[in-house]
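A look at the structure
Residues per chain, in single letters:
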Amino acid sequence: MTGGAASARECGASHGPNIAAKSGETSARVYDRIMVDFARSPRSTLGVEWELALLDSRSLDLTPAAETLLADVAEHAPAFEKKIVGEMLTNTIELVTDVHEQVFTVAEDLATSIGALRKLTEHRGVELMSAGTHPFAQWQSQEVRAKDRYLELVDRTQWWGRNMLIFGVHVHVGIDSRDKVLPIVNALLAYVPHLQALSASSPFWGGTDTGYASNRAMMFQQLPTAGLPFQFDEWADYEKYVDDMLTTGIIDTINEIRWDIRPAPHWGTVEVRVCDGLPTLEEILAVTAFIQCLVDDMSARLDAGETLPTMPDWFHNENKWRAARYGMDAIIIENAAADERLVTECLADEIERLMPVAERLGCVEELRSITSIIDRGVPYQRLKRVLAQTGSLTEVTRSLIGDLRSSYS
């Protein structure tokens, strides 16, 4: 596929970086001869990747069923081979959408894929769950898929790599000009705490209440090249970073840059990877609508000649920690003037500000649903309530299975 918010893969995708020397030049490493091409996409097109945990239907613990299920897909549902794919661990399946213009067709795409997958899991005694972490599974028991890129990652990162028992949601938004990519990435950093708090679903890890709304956020940033992105002013600065990372062997492909928000040059998108795994389709669509509206608004402002606001890196680092720790109770830094407000107040204002954008994009209902999600409790809050009521992380896990089942059936 050329351009579009295409169905990119999680860390270590099969395609390599779209890097080429200028015509007639040698392959020697010279910074001003290296280019990272950006395959422009139609503005604000969408692609979503949703990582699902595979659970044994009796114990509700994670089960290494991915390879078996992928073989079932190939045999019984070959039309879904590019939409139901494997991930780093054999306890994970990822759903990958086609390119879409509107959020409601993303919903249809994901519902169709999860329905096809459910028919296969039923025969295997496997349940599906989505959250940033499994409430009680132990990382020592998990299997890494026998793919070189995954085995190399674990070999290099050792204890931290083996601890990556985490699940997320990634949203691609098409960008119609390379010149917009870095300004949009830099401006989106201000919304990391909004997205982190809204999606937080990983208060438990390995059977322990971590005290964080999103322990996944803290875990994932321990990997090299993960975490918040650097803020680059010029595309050439980003190219130099990629060149240096490849030359020094820190990465082998551009997809090994695992930032929370990153350019996806091969697809012509900005990819937002902040969110924990979300338990319901409604929450996936709400977050997707929010991200699409933010990016489209920024794109329009750039077209109008506006300069998008930015903040210092240390504000972004603090905001990410606050949102991961306190979730919807986080008081976040709003702007470069260091004004602070409760994240829920910021979200309410953003929903209203973006409503005209949502009307233009056809996702008013999905954007407005953020309000009802907050009213009934975002994922980590609901999980904490179940634990308080039952005292059982098994029941917490069962509630996640039920949330997912009821959200698309």
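Rules of the game
Residues numbered from 1 in each chain as written. Predicted model: local features only at pLDDT ≥ 70, side-chain atom pairs only at ≥ 80, totals over all residues. Heavy atoms only, no water. UniProt positions renumbered as here; feature names shortened; annotations may be inferred. Helix = DSSP H or I, 4+ residues; strand = E, 2+ residues; numbered from the N terminus. Rg over C-alpha atoms; globule rule 2.2 N^0.38 Å. Buried < 20%, exposed > 50% of the residue type's maximum accessible area, 1.4 Å probe, protein only. Expected span 1.5 Å × (residues − 1). Arc of directions from axis to C-beta. Contact = heavy atoms within 4.5 Å. Phe/Tyr/Trp six-rings, centres within 6.5 Å; stacked < 30°, edge-to-face > 60°. Bend = angle between axes of the 7 residues up to and from the residue. Polar contact = N/O pair within 3.5 Å; in protein donor to acceptor, adjacent residues only side chain to side chain. Axes fitted to C-alpha atoms, helices over the stretch in contact; angles between N-to-C directions. Parallel < 35°, antiparallel > 145°, perpendicular 65-115°, else oblique. Left-handed = near helix turned anticlockwise from the far one by under 90°. Nonpolar A, V, L, I, M, F, W, Y, C, P; charged D, E, K, R; others polar. Disulfide = S-S within 2.5 Å. Patch = residues over 30% accessible without salt bridge, like charges linked within 9 Å, V, L, I, M, F, W, Y side chains within 5 Å. Areas by Shrake-Rupley, 256 points an atom, 1.4 Å probe, with all protein chains shown as cover. Salt bridge = Lys/Arg side-chain N within 4 Å of Asp/Glu carboxyl O. Lys, Arg positive; Asp, Glu negative; His and termini not counted. Charge placed at Lys NZ, Arg CZ, Asp CG, Glu CD.

Identification of the protein chain as Putative glutamate--cysteine ligase 2 from Brevibacterium siliguriense is taken from an unreviewed UniProt entry. We quote the UniProt Sequence similarities (unreviewed entry) comment for the protein chain here in full: "Belongs to the glutamate--cysteine ligase type 2 family. YbdK subfamily." Word for word, the UniProt comment on the protein chain under Function (unreviewed entry) is "ATP-dependent carboxylate-amine ligase which exhibits weak glutamate--cysteine ligase activity."

1. Quick word on the overall build of the protein chain
Each helix and strand counted, the protein chain has 14 helices and 15 strands in total. Here the C-alpha atoms of the protein chain give a radius of gyration of 20 Å, agreeing with the 22 Å that 2.2 N^0.38 yields for 409 residues. Seen through its principal axes, the protein chain has C-alpha atoms that stretch 60 × 45 × 40 Å. Counting all 409 residues of the protein chain, 58% fall into the buried class.

2. Examining helix α13 (residues 379-390)
Taking 1.5 Å of rise per residue, the twelve residues of α13 would be expected to cover 16 Å, and the 17 Å separating its terminal C-alpha atoms lies within 8% of that figure. Residues of α13 that are buried include every one of P379, Y380, R382, L383 and V386, and no others. Viewed along the axis of α13, the buried residues span an arc of 160°, placing them on a single side of the element. Residues of α13 that are exposed and angled more than 90 degrees away from the buried face: A388 and Q389. The inward-facing, buried residues of α13 contact α5 (192-199), β8 (204-205), α8 (281-303), α9 (313-326), α12 (364-376) and α14 (393-408). Once α13 finishes, G391 follows within two positions and takes phi at roughly 70°, a positive value.

3. Looking at the packing of aromatic side chains
Per the stated rule, a full pass over the model turns up 13 aromatic pairs. Relative to Y241, the ring of F232 has its centre 5.7 Å away and its plane inclined at 50°; by these criteria the two rings are tilted. The buried category is assigned to F232, whose relative accessible area is 13%. An aromatic cluster of three or more residues is present, and its members are F38, F230, F232, W235, Y238, Y241 and W259.

4. Side note on helix α3 (residues 148-162)
The terminal C-alpha atoms of α3 lie 15 Å apart, and with 15 residues this falls more than 12% below the ideal 21 Å at 1.5 Å per residue. A bend of about 95° at R156 is the largest found in α3. Taken residue by residue, α3 has Y150, L153, V154, T157 and G161 as its buried positions. At its buried positions, α3 is contacted by β4 (84-86) and β11 (258-259).

5. Quick word on the side chain of H100
Within the secondary structure, H100 sits in the loop between β5 (92-96) and α2 (103-124). A relative accessible area of 12% means that H100 is categorised as buried. Within polar-contact distance, the side chain of H100 engages the side chain of T105 at 2.9 Å. Once residues within four sequence positions are removed from consideration, H100 is found in contact with T45, L46, T105, V106 and D109.

6. Considering the packing of helix α10 (residues 343-353) against α12
Where α10 meets α12, the closest approach of the two axes is 9 Å, and the angle between their N-to-C directions is 155°. Here α10 lies roughly antiparallel to α12, going by the angle between them. Taken as a pair, α10 and α12 cross one another with a handedness that is left-handed. Of the residues in α12, those in contact with L347, I351 and E352 of α10 are L367, R368, I370, T371 and I374. A class-by-class count of the residues in the contact of α10 with α12 yields five nonpolar, one polar and two charged.

7. Quick word on the packing of α2 against α14
Running from N to C, α2 and α14 cross one another at 130°; their axes reach a closest spacing of 11 Å. Taken together, the axis directions place α2 and α14 in an arrangement best described as oblique. The chirality of how α2 crosses α14 is left-handed. Taken together, the residues of α14 that come into contact with α2 (itself represented by I114, R118 and E122) are L404, R405 and Y408.

8. Remarks on the state of the cysteines
Tallying each qualifying case throughout the model produces zero disulfides. Free of any disulfide, C275 has its nearest neighbouring cysteine sulfur in C293, separated by 14 Å. Free cysteine C363: the closest other cysteine sulfur is in C293, separated by 3.6 Å. Looking at C363, the relative accessible area reads 0%, which means it is buried.

9. Quick notes on a negative patch on the surface
Together, D148, E152, D155 and D252 make up a region of like negative charge exposed at the surface. Within the secondary structure, D148 is located in helix α3. On the basis of relative accessible area, D148 is assigned to the exposed category, the value being 58%.

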